[in-house]
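# Descriptive structure summary
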Amino acid sequence: MELSRFSDYSLRVLMYAAAREHEKVTLSELTQAYRVSHHHLVKIVHYLGKLGYLSNRRGRSGGIRLGRAPRDIKVGDVIRSTETHFNLVECFDPANDLCKLSPTCRLRGVFREARDAFLDVLDHYTLEDLVMDGKPILRLLSPSPGHGYVAGATLNGTHP
């Protein structure tokens, strides 16, 4: 199972915002910190704002802040919100299931149990658990000489 880059960077944006919980964060800052296209971060930040995970404010005095307390943001909920599906195998989607074994196959149940266990583990962790003390995260993501946005870096993958 592989999460989309959209989900990956959604969690990274939320972690950065949690590390700076009482300060506003700018898109430029996120672009430099993660060396990802501004355009893709705009889509992620906008979507997370629509879901209430972020509070986004445009304009000169604008910025991004967490929309909820870090302890109230479950990792599992974020992943469920940012992934387009959890179809590990084709038989999870009846509209596209061409497998001849589907009527008697028990593998689908095994994969469903594994997927549910994966999400259950993620539900036990919050953004607060991931960040705890945000200083090490901010230190690792602070701009250093010769680093910055990499032209052409994109977030391939689908998103909601």
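Values in this document were obtained by computation on a predicted structure and should not be read as measured data.

### Description of the confidence of the model for the protein chain
For the protein chain, the average pLDDT comes to 83, and 86% of its residues sit at 70 or higher. Looking at the elements of the protein chain, mean pLDDT is at its lowest for helix 7 (residues 135-141), recorded as 70, and at its highest for helix 4 (residues 75-82), recorded as 96. Across residues 145-158 the pLDDT falls below 50, and counting only partners more than four positions away or on other chains, this stretch makes 22 contacts in the model.

### Points about the packing of aromatic side chains
Using the criterion set out here, one finds 3 aromatic pairs in the structure. Between the aromatic rings of Phe 6 and Tyr 47, the centroid separation amounts to 5.8 Å while the plane-to-plane angle is 70°, which identifies the pairing as edge-to-face. Placement of Phe 6 in helix 1 (residues 5-19) and of Tyr 47 in helix 3 (residues 38-50) is noted, with a sequence separation of 41 residues between them. Looking at Tyr 47, the relative accessible area reads 16%, which means it is buried. Ring geometry for Tyr 9 versus Tyr 34: centroids 6.0 Å apart, planes at 85°, classification edge-to-face. Of the two residues, Tyr 9 is situated in helix 1 and Tyr 34 in helix 2 (residues 27-34); the sequence distance between them amounts to 25 residues.

### Details of a nonpolar patch on the surface
On the surface, a nonpolar cluster with roughly 250 Å² of combined accessible area is contributed by Met 1, Leu 3 and Leu 88. Along the chain, Met 1 falls in the segment before helix 1.

### Concerning unusual backbone geometry
Although it is not a glycine, Arg 35 sits at a positive phi angle of roughly 50°. Here Arg 35 is to be found in the loop between helix 2 and helix 3. Residue classification places Arg 35 among the partly exposed residues on the basis of a relative accessible area of 38%.

Analysis parameters
Residues numbered from 1 in each chain as written. Predicted model: local features only at pLDDT ≥ 70, side-chain atom pairs only at ≥ 80, totals over all residues. Heavy atoms only, no water. pLDDT = per-residue confidence, 0-100. Helix = DSSP H or I, 4+ residues; strand = E, 2+ residues; numbered from the N terminus. Contact = heavy atoms within 4.5 Å. Phe/Tyr/Trp six-rings, centres within 6.5 Å; stacked < 30°, edge-to-face > 60°. Buried < 20%, exposed > 50% of the residue type's maximum accessible area, 1.4 Å probe, protein only. Patch = residues over 30% accessible without salt bridge, like charges linked within 9 Å, V, L, I, M, F, W, Y side chains within 5 Å. Areas by Shrake-Rupley, 256 points an atom, 1.4 Å probe, with all protein chains shown as cover. Salt bridge = Lys/Arg side-chain N within 4 Å of Asp/Glu carboxyl O.

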